[in-house]
Amino acid sequence: MPDRETAIRTAVVTGAARGIGRAIAARLVSEHIRVVVNDLDADALAETASAIGAVPVAGDAASAEGVDRLVAAALDEFRDEGGIDLFVANAGIASGVGLDAPDSEWARMLEVNVMSQVRAARRLVPLWLESGGGRLVVTASAAGLLTMLGDLPYSVTKHGSVALAEWLAATYRHRGIVVQAVCPLGVDTRLLEGSGPLKDLLTRDGTLSPEDVADAVWQGLQGEAVHILPHPSVRQYYAGRAADPDAWLDGMSKIQQRLERATP
């Protein structure tokens, strides 16, 4: 593995105007890391940046053009530090629909939840290979290790996010690039509030605050484990799923039936 200063000096966080992204950015700033924050909501982003002491770069972190502009702006901002040490690809959305999701919704979900991360990696990995290393953290979900009843595009795209992190880790870890996927269950965000009858399922193991997730991310950054699990129970569910997939799916089917009975 190439020699490299392991301390994180600079970071970019997308989807950072509120929620988990804001909390992660604030935690990084509190650790004396220089942070560029990004979000589509320019006004909310400016408020967040001012409140936590970060540099705002508003724009679309999903499009190729938006990623290029964000990375270029961050590289300019961090030119004295030598580049981007950490990129947190946190931007993500849910749909709340199943098999009837139209192609347009699939395209939107794939762009934000998967391709934003692919494009960030595509832009950053060559730079990190040249400089000796770097770290990419993607916000996936426990849905990416398990599943998400009631939201097919979310479940599939979060599986894609985890798969991306695992592939990148397997391919580049020995060359100094650390890739990690954050996989929480219920977190007190707008996404959870909009989850309807699924809210009870998502919070059965407790509801974490965005700051709790940020703390888990910070702890994860001290090592190289590919899965960062703010809810420890996810590890047990994941192990049970792998040990007996059919039994696990039978259990999920029973939960689905309860959800259907509870829905008017």
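It should be emphasised that the depicted structure is a prediction, and the values quoted were computed from it without experimental measurement.

Undergrad: How do you make sense of the nonpolar core when you look at a structure like this?
TA: Soluble, globular proteins show a tendency: their nonpolar side chains are buried together. Grouped together as the largest cluster of nonpolar side chains are 41 residues, with contacts concentrated most on Val12, Ile84, Phe87 and Leu136. Only helix H3 (64-77), strand S4 (86-89), helix H4 (103-131), strand S5 (134-139), helix H5 (152-172), strand S6 (177-182) and helix H10 (245-262) provide two or more residues apiece to this core. Here this core gets six residues from one element, more than from any other, and that element is H5. Ile8, Ala25, Leu28 and Ala54 belong to the second largest nonpolar core, which has 32 residues in total.

Undergrad: What should I look at first to understand the pattern of salt bridges in this one?
TA: Opposite charge on two side chains allows them to pair when their charged atoms are near. The final tally for this structure, using the stated rule, is 11 salt bridges. In this structure, Asp68 and Arg123 form a salt bridge, with 3.6 Å as the shortest nitrogen-oxygen distance. One end of the pair, Asp68, is in helix H3; the other, Arg123, is in helix H4, with 55 residues separating them in the sequence. Among the residues examined, Arg123 registers a relative accessible area of 27% and is labelled partly exposed. Look at the salt bridges and you will find they share partners, linking Arg27, Glu31 and Asp215 into a network.

Undergrad: I'm lost on the packing of helix H1 (residues 19-30) against helix H8 (residues 210-220) in this one. Help?
TA: The axes of two packed helices give the description: the angle between them and the distance between them. It is at 8 Å that the axes of H1 and H8 come closest, and there the two elements cross at 50 degrees. In terms of orientation, H1 and H8 fall into the oblique class. Crossing geometry of H1 relative to H8 is assigned as right-handed. In this structure, H1 uses Gly19, Ile20, Ala23, Ile24, Arg27 and Leu28 to contact H8, whose residues at the interface are Pro210, Glu211, Val213, Ala214, Asp215, Val217 and Trp218. A breakdown of the residues in the contact of H1 with H8 according to their chemical character gives nine nonpolar, one polar and three charged.

Undergrad: Honestly, H3 in this entry has me stumped. Any pointers?
TA: Owing to its 3.6 residues per turn, the α-helix aligns residues three or four sequence positions apart on the same side. For H3, spanning 14 residues, the distance from its first C-alpha to its last is 20 Å, which sits close to the expected 20 Å at 1.5 Å a residue. The complete set of buried residues in H3 reads Gly66, Val67, Leu70, Val71 and Ala74. Down the axis of H3, the buried side of the element spans an arc of 125 degrees, and every buried residue falls inside it. Where H3 is buried, its residues touch strand S1 (10-13), strand S2 (34-37), S4 and H4.

Undergrad: I keep staring at the sheet that holds S4 and nothing clicks. Help me out?
TA: Whenever strands of a sheet pair, they do so through backbone hydrogen bonds, lying parallel or antiparallel. Taken in spatial order, the seven strands line up as S3-S2-S1-S4-S5-S6-S7 in an open sheet, and their pairing is parallel. In this open sheet, the two edge strands, each paired with only one partner strand, are strand S3 (55-56) and strand S7 (227-228). Summarising the sheet, S1 and S4 pair through three bridges and their orientation is parallel. Looking at the pairing, Val12 lines up with Phe87 of S4. Where H4 meets the sheet, its contacts fall on S4, S5 and S6, and the angle it forms with S5 comes to roughly 170 degrees.

Undergrad: Any chance you could explain the packing of aromatic side chains here in plain terms?
TA: Given two aromatic rings, one states the distance between the centres and the angle between the planes to describe the pair. All told, the structure shown has one aromatic pair when counted by the stated rule. Ring geometry for Trp167 against Tyr172: centres 6.3 Å apart, planes inclined by 70 degrees, an arrangement best described as edge-to-face. Among the residues examined, Trp167 registers a relative accessible area of 51% and is labelled exposed. Above the ring of Trp248, the side-chain terminus of Arg241 is found at 5.2 Å from the ring centroid.

Reading the values: the criteria
Residues numbered from 1 in each chain as written. Predicted model: local features only at pLDDT ≥ 70, side-chain atom pairs only at ≥ 80, totals over all residues. Heavy atoms only, no water. Core = buried A, V, L, I, M, F, W, Y, C linked by side-chain atoms within 4.5 Å. Buried < 20%, exposed > 50% of the residue type's maximum accessible area, 1.4 Å probe, protein only. Helix = DSSP H or I, 4+ residues; strand = E, 2+ residues; numbered from the N terminus. Salt bridge = Lys/Arg side-chain N within 4 Å of Asp/Glu carboxyl O. Axes fitted to C-alpha atoms, helices over the stretch in contact; angles between N-to-C directions. Parallel < 35°, antiparallel > 145°, perpendicular 65-115°, else oblique. Left-handed = near helix turned anticlockwise from the far one by under 90°. Contact = heavy atoms within 4.5 Å. Nonpolar A, V, L, I, M, F, W, Y, C, P; charged D, E, K, R; others polar. Expected span 1.5 Å × (residues − 1). Arc of directions from axis to C-beta. Pairing = 2+ DSSP bridges. Phe/Tyr/Trp six-rings, centres within 6.5 Å; stacked < 30°, edge-to-face > 60°. Lys NZ or Arg CZ within 6 Å of the ring centre and 35° of its normal.

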